[in-house]
Amino acid sequence: MDHNHIRPWRNIERRKSRQIMVGNVPVGGGAPISVQTMTNTDSSDARATIKQVLACAEAGADIVRVSVPDTDASRALREVVRESPVPIVADIHFHYKRGIEAAEAGAACLRINPGNIGDAARVREVIKAARDHDCSIRIGVNAGSLERHLLEKYGEPCPDAMIESGLEHIRILQDNDFHNFKISVKASDVFMASAAYMGLAEATDAPIHLGITEAGGMISGTVKSAIGLGNLLWMGIGDTIRVSLSADPVEEVKIGYEILKSLGLRHRGVSIISCPSCARQGFDVIKTVSALEDRLAHIKTPMSLSIIGCVVNGPGEALMTDIGFTGGGAGSGMVYLAGKQSHKLSNADMIEHIVEQVERRAAEIEALKASDQAAQ
Ligand code: SF4
């Protein structure tokens, strides 16, 4: 339940943006912040790409992007779109024909910069294909590939150059009476990306796609993204996000959700609150949490679970979670349900028992939700 009305220090006032549809996913205009990722398979290999799209969707991805560098990839895209449970964004660079093919193949969005695909006639052709096939566009400005005239004007990549680039691309779409677009201004530098996004948020009401590009590997990329995206999201900026890591795209989805969950902007699956453990722990906290993360990965219902090593912090954390376990002495601990002390549990049975409790609670929450919906 959202308690922000009694906890105003948790409120995030989101920037008001226009809403567009990426397939069946609303982006902007107060819609839930969607989580995106991008496949890293050979996109001409439809089977491998579909397999990865399905894994990402299962992990919670709302939208998946696939790069379309050549005609083989364009051909495979049709199949990927057909099999995907989530909207597919086609990533296009420079080749306007790939953009047209991707719109015809059923992509829900083209990631393409209209200023980089050639003369006005080509731009018109791509926009017409997007319009004819109900396909949105994402303008994707990147500090690493700014237009030459902007680099000459500003001397080096900087937030103002990125914003100007974005606005130039926007103008091209608007001049063609195309408004079904969102925009990103990514940089690998957190300061540059943040400043560019803040400026962009002032300069347009288009929905904003957030990302820190080339953020790095699992650990460094996660930290960088959490700081960069977290800071912007906290300011209310951002309608859809992609965490970009040199790692499995499924991990990007998980990290994206964790960032949104930390800010109370989205809720999905079990949020585990656990202590770092120390000599006072009544059971092996680290091993237990790692086992529970695996065993509970299938739960999509939002709920909280506290796994705390001892009574120093256990009962307090359990008060604020749906299910809690606090280590005690002599090989057993205490289970808390809805914040109340419930029953003793031996450490040996703990994983199985907690998984059962979580599954039962998830089923109860889903049943309640269903009956609420039926009543409405
Ligand atoms: S809750 Fe207990 S076991 Fe966990 S870190 Fe704190 S004192 Fe140590």
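Quick note: structure is the one above.
In this report, the structure presented in the accompanying data block is examined. Please read these numbers as outputs of a predicted model, since none were measured by experiment. (Residues numbered from 1 in each chain as written. Predicted model: local features only at pLDDT ≥ 70, side-chain atom pairs only at ≥ 80, totals over all residues. Heavy atoms only, no water.)

**Description of the nonpolar core**
Piece 1. In this structure, L77, L110, M162, L210 and L233 are the most contacted members of the largest nonpolar core, which totals 78 residues.
Piece 2. Those residues in contact with M162 that lie beyond four places of it in its chain are V141, A143, L146, V185, K186, A187, M192 and A196.
Piece 3. Grouped together as the second largest cluster of nonpolar side chains are 22 residues, V285, V335, L345 and A362 included. (Core = buried A, V, L, I, M, F, W, Y, C linked by side-chain atoms within 4.5 Å. Buried < 20%, exposed > 50% of the residue type's maximum accessible area, 1.4 Å probe, protein only. Contact = heavy atoms within 4.5 Å.)

**Overview of the pattern of salt bridges**
Piece 1. Tallied over the full model, the rule gives 18 salt bridges.
Piece 2. Taking the shortest distance from any N to any O, the salt bridge between E164 and K153 comes out at 2.9 Å. With a gap of 11 residues between them, E164 in helix α6 (residues 159–175) and K153 in helix α5 (residues 148–154) connect regions that are remote in the sequence.
Piece 3. According to the relative accessible area criterion, E164 is partly exposed, its value standing at 21%.
Piece 4. It is possible to trace a salt-bridge network through shared partners that takes in R14, R15 and D239. (Salt bridge = Lys/Arg side-chain N within 4 Å of Asp/Glu carboxyl O. Helix = DSSP H or I, 4+ residues; strand = E, 2+ residues; numbered from the N terminus.)

**Quick look at the packing of aromatic side chains**
Piece 1. Using the criterion set out here, one finds 1 aromatic pair in the structure.
Piece 2. Ring centres of F283 and F325 lie 5.2 Å apart, and the angle between their planes is 70°; this geometry places the pair in the edge-to-face category. On the criterion of sequence distance, the pair formed by F283 in the loop between β11 (270–274) and α10 (285–295) and F325 in strand β13 (residues 323–327) is long-range, its members being 42 residues apart.
Piece 3. Judged by relative accessible area, F325 falls into the buried class, the value being 0%.
Piece 4. Lying over the aromatic face of F181, R18 brings its terminal NZ or CZ to 4.9 Å of the ring centre. (Phe/Tyr/Trp six-rings, centres within 6.5 Å; stacked < 30°, edge-to-face > 60°. Lys NZ or Arg CZ within 6 Å of the ring centre and 35° of its normal.)

**Re the pairing of strand β5 (residues 88–91)**
Piece 1. Neither face of β5 is open: one carries I88 and A90, the other V89 and D91, and all of them are buried.
Piece 2. Note on the crossover from β5 through helix α3 (residues 96–104) to strand β6 (residues 109–111): the handedness is right-handed. (Right-handed = clockwise from strand over helix to strand, strands pointing away.)

**Side note on the packing of helix α1 (residues 46–58) against helix α2 (residues 71–83)**
Piece 1. Two elements in contact, α1 and α2, have axes separated by 9 Å at closest approach and are oriented at 30°. Of the possible angle classes, the one that applies to α1 and α2 is roughly parallel. Crossing of α1 against α2: the hand is right-handed. Residues A46, R47, T49, I50, V53 and L54 of α1 touch α2, and the partners they reach there are A76, E79, V80 and E83.
Piece 2. Looking at the contact of α1 with α2 residue by residue, the classes come out as 6 nonpolar, 1 polar and 3 charged. (Axes fitted to C-alpha atoms, helices over the stretch in contact; angles between N-to-C directions. Parallel < 35°, antiparallel > 145°, perpendicular 65-115°, else oblique. Left-handed = near helix turned anticlockwise from the far one by under 90°. Nonpolar A, V, L, I, M, F, W, Y, C, P; charged D, E, K, R; others polar.)

**Brief notes about the environment of D62**
Piece 1. For D62, the location among the structural elements is in the loop between α1 and β4 (63–67).
Piece 2. Placed 191 residues apart in sequence, D62 and V253 show a C-alpha to C-alpha distance of 9.1 Å.
Piece 3. Not counting residues within four places of it along the chain, the set of residues in contact with D62 comprises V25, I33, S34, V35, V86, P87, Y257 and R266.
Piece 4. Within the local environment of D62, its side chain forms a polar contact with the side chain of R266, the two groups lying 3.1 Å apart. (Polar contact = N/O pair within 3.5 Å; in protein donor to acceptor, adjacent residues only side chain to side chain.)

**Observations concerning helix α12 (residues 350–375)**
Piece 1. Given a rise of 1.5 Å per residue, 26 residues ought to cover 38 Å, and the 37 Å separating the end C-alpha atoms of α12 matches this to within 8%.
Piece 2. All of the buried residues in α12 are M350, H353, I354, V355, Q357, V358, A362 and I365.
Piece 3. On its buried face, α12 sits against β11, α10, β12 (303–308), β13, β14 (332–337) and β15 (340–346). (Expected span 1.5 Å × (residues − 1).)

**Structural notes on unusual backbone geometry**
Piece 1. Even without glycine at this site, D177 takes up a positive phi of about 55°.
Piece 2. By the secondary structure assignment, D177 is in the loop between α6 and β8 (181–186).
Piece 3. If you check the backbone angles, A338 has positive phi at about 50° while not being a glycine.
Piece 4. Since its relative accessible area comes to 62%, A338 is described here as exposed.

**Focus: the pairing of β11**
Piece 1. Two elements, β11 and β12, share 5 bridges in a ladder whose sense is parallel. Counted as the bridge partner of S274 is I307 from β12.
Piece 2. What joins β11 to β12 is α10, and the crossover it makes is left-handed. (Pairing = 2+ DSSP bridges.)

**Overview of the side chain of T288**
Piece 1. Mapping T288 onto the fold places it in helix α10.
Piece 2. Within polar-contact distance, the side chain of T288 engages the backbone oxygen of D284 at 2.6 Å.
Piece 3. If near-sequence neighbours (up to four positions away) are discounted, T288 is found in contact with F283, I307, M350 and I351.

**Side note on the side chain of S17**
Piece 1. Note on placement: S17 falls in the segment before β1 (20–22).
Piece 2. For S17, the side chain forms a polar contact with the main-chain nitrogen of G29, separated by 3.1 Å.
Piece 3. Those residues in contact with S17 that sit more than four places away from it in its chain are G28, G29, D205, A206, P207 and D239.

**Description of helix α7 (residues 190–203)**
Piece 1. Its 14 residues place the ends of α7 20 Å apart at the C-alpha level, agreeing with the 20 Å of an ideal helix rising 1.5 Å per residue.
Piece 2. Considered for burial, the residues of α7 that qualify are V190, M192, A193, S194, A196, Y197, L200 and A201.
Piece 3. Those residues of α7 that are buried lie in contact with α6, β8, β9 (209–210) and α8 (218–234).
Piece 4. Its side-chain oxygen 3.1 Å from the backbone nitrogen of F191, D189 forms the N-cap of α7.

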